[in-house]
Amino acid sequence: MMDRLFALVGVAVALVAAPFLKTVINRTKAAVAGRQGPPLLLPYRSLVRLMSKGAVYGSQTTWIFRAGPVVSLVATMGALCLVPFAGRPALVHFEGDILLMAYLMGVGRFFTVLAAMDTGSSFEGMGADREAFFSALTEPSLLLGVAGLGAITGSLSLSGIYGKLGGSAFLGSNLPALIFILAAFVIVYLAENSRIPVDDPTTHLELTMIHEVMVLDHCGIDLAFIEYGGALKLWTMGLLVSGLVFPGGTGSLWLDVLLSLCCLMGFQVAVGLVESSTARLKMGRVPLLLAVAFVMSTLWIMWVVR
Amino acid sequence: MPLSSVLSSLMAVLPLFFVLAGGSILDFRIPWGFPVGSFHVRMDMLSGWFVLILSLVSPAVALYGRGYLSNRGETVLGSWTGFFLQMLSGGIFMVLISYDGILFLLSWEVMSMAAFFLVMFDHSREENRRAGWIYLVATHLGTAFLFFMFFLLGAKAGSFDLDALLGLGGMANLAFPLAIVGFGAKAGFLGLHLWLPEAHPAAPSHGSALMSGVMVKTGIYGILRVLAMAQEWPQWWGWLLLILGVASGLGGVVHSVVQRDLKRLLAFCTVENMGIILIGLGIGVLGTRYDRSVGIIAMGGALLHCLNHSLFKAGLFMAAGSVIKTAGTGDMDRLGGLCRTMPRTGMAFLVLCLSVCGLPPFNGFVGEFLIYTASYLSVVPGAMSSVGLRIGGFVAISSLALVGGLAAMAFLKAYGTVFLGFPRADGAVGADPGSDMVVPMSSLAILCLALGLGGSASILMAGSVATAVHPLGLSLGTLAPLVKVSKAYLNVSFISFVLFGVGFCLWWLRARLQRDRTVSLGPVWGCGYGNPSAGMQYTGSSFSQPVFAAFRSFLRSEVGGSLPEGYFPGPSSFHAETSGVFHRYFYGPLFGTVMKVVGEARKLHHGGTHLYVFYVFAALVVVLLWSLR
């Protein structure tokens with residue numbers, strides 16, 4: 001019961017605090033570039049502003065264009081409920097919940113892509129196409145990485161895996177395996193959340209965009225849903241990655257929460273540093289990066305399966 | 001015609017109830033006049049499961065067919081389509097319940113030939129005749145292997161009754177590869193799939209629905225029957241199934257993404273789904289050796305995916321048929337925006353797309369969930385797992401994930417270019433067909449959603465059938481791992497319902513907030529260009545270009561055309577033709593060699609009587625010499 005309550009609070013915190021992750025990344029980038037950076041609460045302010053606006057829809061769009069943002073936001077919320085926080089079980093957990101999480105994000109992506117194609121615009125078609133292809137290439141890394149974690153911990157649910165990782169009994173001989181899985185997950189994270197070097201969220205040229213070009217024609221409440229859904233995805237996937245660095249397990253609830261949050265924020269700082277220090281890849285080279293992620297997500301088999 | 005299908009399905013309800021729910025075996029045998037074989041039919045759980053698939057799909061197909069064939073020019077075969085459709089259903093039914101090798105082969109031929117006449121439905125067009133020819137060759141090559149297998153086993157056992165063949169008479173390791181090729185030609189495994197992309201576009205859409213939905217499953221049924229007859233499953237059987245599954249899954253899906261024709265895309269998607277089923281079977285066979293809980297879950301997943309694939313693929317072919325009938329083409333580069341002119345078809349197609357991509361909460365997810373869970377279980381160290389099984393699971397997970405992602409891409413392309421955007425060619429606007437066509441596909445779509453939301457029940461259903469395939473049979477505790485998975489799946493259904501609720505709230509909130517605000521329509525963003533035309537849209541071909549580029553060494557497409565050149569470029573063009581690796585590098589040379597040899601042999605057929613008299617004389621002399629030897 002206490003676990004459920006804690007998980008519920010965790011989801012609530014995520015729902016409130018997720019947009020702040022964007023601030024962390026943007027402030028890091030600003031600090032590296034020597035700029036002052038945006039106000040801390042800018043993501044919230046823009047959400048409120050978007051929520052209060054009307055909308056212009058493409059004349060050819062159908063209900064799918066309007067439903068896309070809602071479905072993707074709801075699907076991300078579903079995924080959020082499955083991810084454990086601070087080594088405590090998630091709100092819902094069962095054997096194979098990673099599949100539901102991955103496929104729920106798939107549902108969200110499916111509708112985002114369809115909404116983009118609904119406009120009939122070439123730009124959005126381009127983005128849709130790239131998003132669909134790149135995500136198809138990242139999925140094996142995520143699922144195989146989790147399989148590796150399962151093989152290390154002997155558990156099949158995300159909550160079981162992250163709960164046991166905290167025991168640190170699995171370090172030692174499995175450490176290289178964990179490091180490779182972590183590396184694969186970082187690339188998956190960058191690709192899934194449209195960050196540099198896969199996609200540039202701040203670019204201004206439609207031809208080179210992936211995620212941003214898909215949502216060019218969304219505005220008002222719909223855009224707010226998309227932005228908020230994106231923030232929730234940063235949080236959800238961020239927990240998967242940062243949980244590998246610090247999964248919890250100090251014994252004290254407050255210390256666990258504090259350290260986990262620090263890890264999550266620290267990871268966003270790292271993402272900001274990556275974004276500041278690398279350029280985005282040429283579109284044709286992105287599949288290579290994703291292939292690297294896949295290879296790294298397979299390497300655990302050398303340490304774990306003997 | 002639809003009435004008879006509905007009646008025969010209703011007649012199947014009672015026996016299916018006894019077999020699937022009660023676990024009883026219905027057996028019937030009468031002597032017949034043939035020197036070999038006997039009329040021995042039996043419905044056990046395994047047959048019952050596939051008969052269930054048939055009786056769900058066949059009435060929908062027949063009902064749809066009546067609407068599909070109305071008001072179109074009658075061809076000679078066109079008026080016979082109903083007959084052959086029923087013969088196909090009947091043939092499939094007989095294949096499923098035959099319990100004698102000879103009867104099985106007879107039914108198999110009836111089924112195959114009925115399908116041939118469906119493929120030749122519109123035989124006035126040359127490409128359809130070619131498709132029919134390819135199908136005929138493919139199916140007979142497959143059947144030849146089956147003949148060989150049954151006669152090999154029958155000669156050893158002295159009878160063709162499947163009871164007598166139990167244990168495969170010690171020839172299991174020889175019979176199994178024969179079964180794989182023979183049944184694989186029907187199921188469309190990669191390398192044996194050549195007839196699928198040709199035959200499905202040629203056949204009328206309800207014919208494709210029945211062929212792709214049910215007929216290809218008889219191949220899977222055959223392999224399962226052989227597995228059920230074998231006393232034990234050697235490890236290499238599992239590896240063979242798994243590797244074939246990975247190849248069919250990946251090969252099918254990559255081909256599927258790059259197709260231009262809607263029905264060809266669906267046909268390659270069938271190859272892909274056969275791959276997923278095979279991966280399940282492979283893990284099932286491997287798992288049974290090491291860890292029975294893994295084996296039973298994977299087998300259940302494979303069986304369940306058979307049912308699921310039948311439902312959504314039949315529905316998808318029906319929807320594709322409605323598009324082709326009303327918009328006049330299945331070329332995705334010419335279609336577009338049909339969501340507005342045919343909303344009901346569009347809705348059904350969307351649900352079916354979500355199902356085929358294995359997205360929750362639709363039925364495709366349930367079967368894949370089982371196969372994935374089995375693969376994860378085999379990777380995680382258990383009491384009895386071995387390195388082989390763990391590597392098998394590892395391979396299964398990575399290929400299932402890639403196949404899933406690319407399948408999503410194929411169906412995003414299908415839905416996005418056919419139903420969204422603007423029509424890409426004049427006149428290809430389409431309209432919702434009458435309810436006799438919409439109702440069957442919508443009911444299949446609804447069934448897909450229902451089986452997805454009630455996934456726990458369908459897991460248990462498929463699980464009890466899987467225990468019947470198991471060589472160890474239905475024993476106490478065998479079903480326990482599946483009960484566990486079905487309980488876990490309750491969470492999926494629960495989350496789905498909650499998310500539906502949250503979604504409706506957000507949708508309501510959105511409508512509520514927008515009510516008093518300015519909501520207007522306008523052009524989409526085109527870098528300031530406000531007058532976009534339909535021709536400027538992304539086409540299906542452009543959508544699949546990255547896949548095309550990434551897998552070009554596998555696809556071996558022929559690319560041609562001229563790029564725009566100079567400051568004032570003239571007309572430019574681009575075309576790509578994917579004929580398939582197997583056509584070019586295996587079957588082409590193979591049949592070329594066969595034709596050459598046969599051509600040489602033809603020279604003996606001189607036609608002159610004096611030469612033939614000489615042949616007779618020469619033969620006599622040879623026989624004489626041989627007997628005097």
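The present account deals with the structure reproduced in this document. Worth saying up front: this structure is predicted, and the values here are computed from it rather than measured.

Here the focus is the overall build of chain A. If you tally the helices and strands in chain A, you get twelve helices and one strand. Starting at the N terminus, the α and β elements of chain A follow one another as α-α-β-α-α-α-α-α-α-α-α-α-α. Taking 19 Å as the expected radius of gyration for a compact globule of 306 residues, we find that chain A reaches 19 Å, a close match to that expectation. A fraction of 79% describes how many contacts in chain A between residues 6 or more apart in sequence connect residues 24 or more apart.

Time to look at the interface of chain B and chain A. Every contact between the two is made by 74 residues of chain B and, on the other side, 77 residues of chain A. Roughly 6,600 Å² of surface becomes buried between chain B and chain A when both sides are summed, with 76% attributable to carbon and sulfur atoms. Counting across the interface, chain B meets chain A through two salt bridges. Among the ionic pairs, aspartate 222 of chain A bridges to arginine 510 of chain B, the shortest N-O distance being 2.7 Å.

So, about the environment of methionine 171 of chain B. Residues and elements named next belong to chain B. Summarising the element assignment, methionine 171 is placed in the loop between helix H5 (126–157) and helix H6 (172–187). For the pair methionine 171 and threonine 518, spaced 347 residues apart in sequence, the C-alpha to C-alpha distance is 76 Å. Beyond its immediate chain neighbours, meaning those up to four positions away, methionine 171 contacts Leu152, Leu153 and Lys156.

The next subject is a nonpolar patch on the surface. All names here are of chain B. On the surface, Leu141, Phe586, Leu590, Phe591, Val594 and Val598 cluster together into a nonpolar patch covering about 470 Å² of accessible area. The element best represented in the nonpolar patch is helix H22 (residues 581–602), accounting for five residues. With respect to the helices and strands, valine 598 occurs in helix H22.

Following the criterion strictly, the structure yields 20 salt bridges over all chains and no others. One salt bridge in this structure joins arginine 42 of chain B and aspartate 163 of chain B, with 3.2 Å as the shortest N-O distance. Separated by 121 residues along the polypeptide, arginine 42 of chain B in strand E2 (residues 39–43) and aspartate 163 of chain B in the loop between H5 and H6 bring together distant segments of the chain. On the accessibility criterion, arginine 42 of chain B (17% relative accessible area) is buried. For aspartate 163 of chain B, a relative accessible area of 35% translates into the label partly exposed. Across the pair glutamate 600 of chain B and lysine 603 of chain B runs a salt bridge, and its minimum N-O distance is 3.3 Å. When salt bridges with common partners are traced through the structure, they connect Lys29, Arg195 and Glu275 of chain A into a single cluster.

Residues and elements named next belong to chain B. The buried count for E2 comes to four of five residues, which makes it a mostly enclosed element. Here strand E1 (residues 26–30) pairs with E2 via five bridges, running antiparallel. In the sheet register, aspartate 27 faces E2, and the bridge partner there is arginine 42.

With that settled, consider the packing of aromatic side chains. Counted under the stated rule, the structure contains 39 aromatic pairs over all chains. The interplanar angle of 65° and the centroid separation of 4.7 Å between the aromatic rings of tyrosine 189 of chain A and phenylalanine 267 of chain A together place this pair among those described as edge-to-face. Taken together, the residues tyrosine 189 of chain A in helix H7 (residues 175–192) and phenylalanine 267 of chain A in helix H10 (residues 253–277) connect sequence positions 78 residues apart. According to the relative accessible area criterion, tyrosine 189 of chain A is buried, its value standing at 0%. You can call phenylalanine 267 of chain A buried: its relative accessible area is 10%. On the numbers, 5.5 Å between centres and 70° between planes, the contact of phenylalanine 50 of chain B with tyrosine 221 of chain B is edge-to-face. With phenylalanine 50 of chain B in helix H2 (residues 45–69) and tyrosine 221 of chain B in helix H8 (residues 205–229), this residue pair connects regions lying 171 residues apart in the sequence. Classification of tyrosine 221 of chain B by relative accessible area gives buried; the value is 1%. Here a set of aromatic residues connected by ring pairs shows up, and it is made of Phe94 and Tyr103 of chain A together with Phe365, Phe369, Tyr372 and Tyr489 of chain B. We note arginine 66 of chain A situated over the ring of tyrosine 57 of chain A; from NZ or CZ to the ring centre the distance is 4.0 Å. Above the face of the tyrosine 99 of chain B ring, arginine 42 of chain B is positioned so that its terminal group lies 4.2 Å from the ring centre.

In this section: helix H17 (residues 455–469) of chain B. Given 3.6 residues to a turn, an α-helix orients residues that are three or four positions apart in the same direction. Residues and elements named next belong to chain B. With 15 residues, H17 ought to run about 21 Å at 1.5 Å a step, and its terminal C-alpha atoms sit 21 Å apart, in line with that. Most of H17 sits out of view: eleven of its 15 residues are buried. Those residues of H17 lying buried are Gly455, Ser456, Ser458, Ile459, Ala462, Gly463, Ser464, Val465, Ala466, Thr467 and Val469.

Within the fold, arginine 510 of chain B resides in helix H18 (residues 480–514). Excluding its chain neighbours within four sequence positions, the residues that come into contact with arginine 510 of chain B are Tyr57, Arg66, Val70, Ile221, Asp222 and Phe225 of chain A.

For the rest of this paragraph, the subject is the packing of H5 of chain B against H6 of chain B. Residue and element names in this part refer to chain B. Orientation of H5 relative to H6, taken along the N-to-C sense of each, is 155°, at an axis distance of 8 Å. Relative to H6, the element H5 is oriented roughly antiparallel. Once H5 is placed against H6, the crossing between them reads as left-handed. Across the interface between the two elements, Tyr135, Ala138, Thr139, Gly142, Phe145, Leu146, Phe148, Met149, Leu152 and Leu153 of H5 pack against Leu174, Ala175, Leu178, Ala179, Val181, Gly182, Phe183, Ala185 and Lys186 of H6.

So, how was this worked out
- Sequence order sets the numbering: in each chain, residues are counted from 1 along the sequence as written.
- Chains and ligands are labelled by the order in which they are written, letters from A for the one and numbers from 1 for the other.
- At least 70 in pLDDT is required for a residue's local features to be given in this predicted model, at least 80 for side-chain atom pairs to be given and counted, and no such filter applies to totals for whole chains, interfaces and linings, which use all residues.
- The side-chain numbers reported here are obtained from all heavy atoms of the structure, hydrogens and water having been left aside.
- Numbering goes from the N terminus for both helices and strands, where a helix is a DSSP run of H or I of at least four residues and a strand is a run of E of at least two.
- Every radius of gyration here is taken over C-alpha atoms, with the globule rule written as 2.2 Å times N^0.38, N being the number of residues.
- For this analysis, residues touch if any pair of their heavy atoms sits within 4.5 Å.
- By definition, the buried area sums, over both parts, the 1.4 Å-probe accessible area that each loses when the two are put together.
- Here, a salt bridge means any side-chain nitrogen of Lys or Arg that lies within 4 Å of a carboxyl oxygen of Asp or Glu.
- Residues enter a patch when their relative accessible area is above 30% and they make no salt bridge; the linking distance is 9 Å between like charges and 5 Å between nonpolar side chains (Val, Leu, Ile, Met, Phe, Trp, Tyr).
- To be clear on the numbers: accessible area is Shrake-Rupley with a 1.4 Å probe, and residue cover counts the displayed protein chains and nothing else.
- For every residue, the accessible area (1.4 Å probe, protein chains only) is compared with the maximum for its type, and the residue is labelled buried under 20%, exposed over 50%, or partly exposed between those bounds.
- A pair of strands is considered paired only if DSSP assigns at least 2 bridges between the two.
- Ring pairs are drawn from Phe, Tyr and Trp, using the six-membered ring of Trp, whenever the two centres fall within 6.5 Å, and their geometry is named by plane angle: stacked under 30 degrees, edge-to-face over 60, tilted for the rest.
- Counting as a charge over the ring demands two things of the Lys NZ or Arg CZ atom: a distance within 6 Å of the ring centre and an angle within 35 degrees of the ring normal.
- In a helix, the anticipated span is given by 1.5 Å times the number of residues less one.
- Angles shown run from 0 to 180 degrees and are taken between the N-to-C directions of axes, each axis being a line fitted to C-alpha atoms and, for helices, limited to the stretch in contact.
- Orientation is classified from the angle alone, with under 35 degrees giving roughly parallel, over 145 giving roughly antiparallel, 65 to 115 giving roughly perpendicular, and any other angle giving oblique.
- Each crossing gets its hand from how the near helix is turned against the far one by less than a right angle, where anticlockwise is left-handed and clockwise is right-handed.

The values are spatial; any link to function lies outside them.
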